[in-house]
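If you want the building blocks of each chain, they are given just below.
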Amino acid sequence: MLNELVFVLSLCILTNSEEREDNQKPNIVFIVADDLGWNDVSFHGSDQIMTPNIDVLAYEGVILNQYYTDTQGTPSMSALFTGKYPMRLGTQGVSISACEDRGIPVSERLLPAYLQELGYSTHLVGKWNVGKSREHYLPTFRGFDTFYGFLDGSVDYYTYNLIETCGDKEFFGLNFFSNLDPVENLSGHLTEILTDEAVQIIRDHNVSSPLYLHISQASPHAGGGLVNLQPPAESIAANAHIAHSARRLYAGQVTSLDKSVGQIVAVLAEKDILQNTIIVFVSDNGADSVGHSQNFGSNVPLRGVKGTPWEGAARSIGLIWQSTISPKVYDGLFHVTDWLPTLVSAAGGQVTEVIDGINHWDAIYNDGDTKRNDLLITLDELQGWAAFREGDFKIIVGDIFKNLSNYNGKEFDATRSDVPIYENAILECDTARVLRETLDLIIDVDSAYIKRNESMNYATFLGENLCFPTKEKGCLFNITADPIEQHDLWDSSPEVVRYMALRLRTLWAEAKPRRQPVSDIRADPSKNNYIWFSFVQNDEEINETSLAMPVFPLQVSLGEVKYLVDLNLNTLKDKMDEYITKMGDSFVKSVKGLFSF
């Protein structure tokens, strides 16, 4: 009996010890905005749209000043969840459509699955858009315990319906689910509905296990029901100073998003877990100032819009906050693939698979050395363009639409009355109040302005003699000195061009070719009471017929060929020298048998 009692007590002690160990793992709340422009958060210097809740997290956390995503939603999210460049998965290029049979390959292990294995409760609220044609592509089959949101690129903010042209037909239906079940009794604004669900998940969370809550908001993406900009009425009034009416609606979307962030911070404090929670806020890519899904966002002074290889599409908003991280502006290169190894490391785990992502946790938390020096910005073989950055330099190749390659968004800057007082906005927002009451942390306005200035970009763009890449010539920029991609160095830096072109050619050759998007009429929601369900059986064969990778969109120059030959000959020489040195005397004796000395 005594032995049994000792065993039970030991088991209880062990269980409590394990719970305490789990409790030491940080909770992770990851918030993603959709198509939020560089110039649309006030910590980047925007005096037009106020984002005080986001700003306070930035000022009291780590601003990722060189955070790169891919340039469209699906490739960006697939990179985040897998830690791999999209071109390795077939998820590069344009986002997956609601009628397309495509998704992240089921052989890939996603971030929530890693965290599940570390004891986390995992929840996704909001947008998915990395595959829904087959059931095994869905979130609850990929590592999330629960899912509440929409499966494709966008939905209407009030009806939660998606209207999409598939082939020559227009399909429409409800696109909102709780796990696998459609939700048909909703009412209210989409941003608020998703926020309410996230708040409830936090309140209901059993703190004996750590929490991973991924909140992927629709805002400020254009709506998917052919009504593009649909902010809550009160957030429109908060932006009455903006002269351009469509820009005012867009700003309302951003205001509602910022309010949501404040609510999330408040409920974490209410639950008494804020002090042990990592909060990440990012945008999936830049704004679509012009084009198919125009939302009147602004990336200025950065060049280009969503879906292009320019900085305005790929250099995005990123920050990370935790109560024990020293506030700073982090100028190291950080890529969307880096979240998986970084967060797994923060959770006490380790990624052993071969991925493209790099672990930044030591660099961020302990001010360690930055480990990333290069990144593939984007590669889209169907559009015929690609961009790569290494160190200070960025190369772009391919034929890009000129109307998407300018400094779009400056025309929306006009105001018709005084803008709100920024100092008041950041001191009076929910996040500032919660940090003050919970962590006794009072916002230092002077310090906030210093960080704001560090993360602003003061470049003045002329818009004259801009480089547009062609098949004969790409564009090369010193992106550190010229972040607005105005001064082309292609002709003046031939050695850099040859090296960068070769790096990009190599990545192009490694890409998994993607088929032209094909609409499947089986997706038609009218067959399922106008609901967008999965429409292909898991075991239905996928067309894996090998595709030839399109030709690299830059002609080979004689200089590049000579550079490649010289590089290979030098490499061969180095290897032979190394081999002979290692062989030493035995090599000399072997040679003596062939020659007379």
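Structural data are supplied above this passage.
Residues numbered from 1 in each chain as written. Predicted model: local features only at pLDDT ≥ 70, side-chain atom pairs only at ≥ 80, totals over all residues. Heavy atoms only, no water.

A. Inspection of the overall build of the chain at higher detail. Counting secondary structure elements, the chain contains 16 helices and 17 strands. Per-residue burial for the chain yields a buried fraction of 56% across its 597 residues. Sequence-distant contacts in the chain: of pairs separated by 6 or more residues, those separated by 24 or more amount to 74%. Only carbon and sulfur atoms are counted for the fraction: they give 52% of the accessible area of the chain, which is about 25100 Å². (Helix = DSSP H or I, 4+ residues; strand = E, 2+ residues; numbered from the N terminus. Buried < 20%, exposed > 50% of the residue type's maximum accessible area, 1.4 Å probe, protein only. Contact = heavy atoms within 4.5 Å. Areas by Shrake-Rupley, 256 points an atom, 1.4 Å probe, with all protein chains shown as cover.)

B. View of the sheet that holds strand E14 (residues 374-380). Judged by pairing direction, the sheet is antiparallel, and its 4 strands sit side by side in the order E14-E15-E16-E17 without closing on themselves. Among the strands making up the open sheet, the edge pair consists of E14 and strand E17 (475-478). Mean inter-strand twist for the sheet, computed between neighbouring axes without regard to direction, equals 10°. Across the sheet, helix H14 (residues 494-510) touches E14, strand E15 (385-390), strand E16 (393-398) and E17, and the angle it forms with E15 is around 120°. (Pairing = 2+ DSSP bridges. Axes fitted to C-alpha atoms, helices over the stretch in contact; angles between N-to-C directions.)

C. Highlighting the packing of helix H2 (residues 52-59) against helix H7 (residues 245-270). Relative orientation of the contacting elements H2 and H7 amounts to 55°, with a least axis distance of 7 Å. In terms of their interaxial angle, H2 and H7 are classed as oblique. Here Pro52, Asn53, Ile54 and Leu57 of H2 lie close against H7, whose contacting residues are Asp258, Lys259, Val261, Gly262 and Val265. Of the residues belonging to the contact of H2 with H7, the class tally is 5 nonpolar, 2 polar and 2 charged. (Parallel < 35°, antiparallel > 145°, perpendicular 65-115°, else oblique. Nonpolar A, V, L, I, M, F, W, Y, C, P; charged D, E, K, R; others polar.)

D. Up close: the environment of Asn53. Within the secondary structure, Asn53 sits in helix H2. Taking the relative accessible area as the measure of exposure, Asn53 reaches 5% and is therefore buried. In the structure, Asn53 is positioned 212 residues away from Val265 in sequence and 8.8 Å away in space, judged by C-alpha atoms. With residues up to four places along the chain from it excluded, the contact list for Asn53 reads Asp258, Lys259, Val261, Gly262, Cys429, Asp430 and Thr431.

E. Highlighting H2. With 8 of its 8 residues buried, H2 lies for the most part within the structure. Those residues of H2 lying buried are Pro52, Asn53, Ile54, Asp55, Val56, Leu57, Ala58 and Tyr59.

F. Structural detail: the state of the cysteines. Following the criterion strictly, the structure yields 2 disulfides and no others. Here Cys467 is linked by a disulfide to Cys475, with a sulfur-sulfur distance of 2.0 Å. Between Cys467 and Cys475 the disulfide shows an S-S torsion of about -90°. By sign, it is left-handed. Numbered by order of appearance in the sequence, the disulfide-linked cysteines of the chain pair as 1-2, 3-4. (Disulfide = S-S within 2.5 Å.)

G. Representation of the packing of aromatic side chains within the structure. Using the criterion set out here, one finds 19 aromatic pairs in the structure. For the pair Phe81 and Trp128, a centre-to-centre distance of 5.6 Å together with 40° between the ring planes defines the contact as tilted. Of the two residues, Phe81 is situated in helix H3 (residues 73-82) and Trp128 in the loop between strand E3 (121-127) and strand E4 (146-150); the sequence distance between them amounts to 47 residues. The exposure classification of Phe81 matches that of Trp128, with both residues buried. When the centroid spacing of 4.6 Å and the interplanar angle of 50° are considered together, the rings of Phe334 and Trp339 count as tilted. Under the relative-accessibility criterion, Trp339 is labelled buried at 0%. An aromatic cluster is present here, built from Phe30, Tyr67, Phe334 and Trp339 joined pairwise through their rings. The ring of Phe468 has Arg303 lying over it, and the distance from NZ or CZ to the ring centre is 5.0 Å. (Phe/Tyr/Trp six-rings, centres within 6.5 Å; stacked < 30°, edge-to-face > 60°. Lys NZ or Arg CZ within 6 Å of the ring centre and 35° of its normal.)

H. Here's a closer look at the pairing of strand E5 (residues 161-166). Burial along E5 is one-sided: the face carrying Leu162, Glu164 and Cys166 is buried and the face carrying Asn161, Ile163 and Thr165 is not. Across 6 bridges, E5 lies against strand E6 (residues 169-174) in antiparallel orientation. Paired with Thr165 across the strands is Glu170, a residue of E6. Counted between consecutive antiparallel strands, the loop separating E5 from E6 contains 2 residues, among which Gly167 sits at a positive phi close to 70°.

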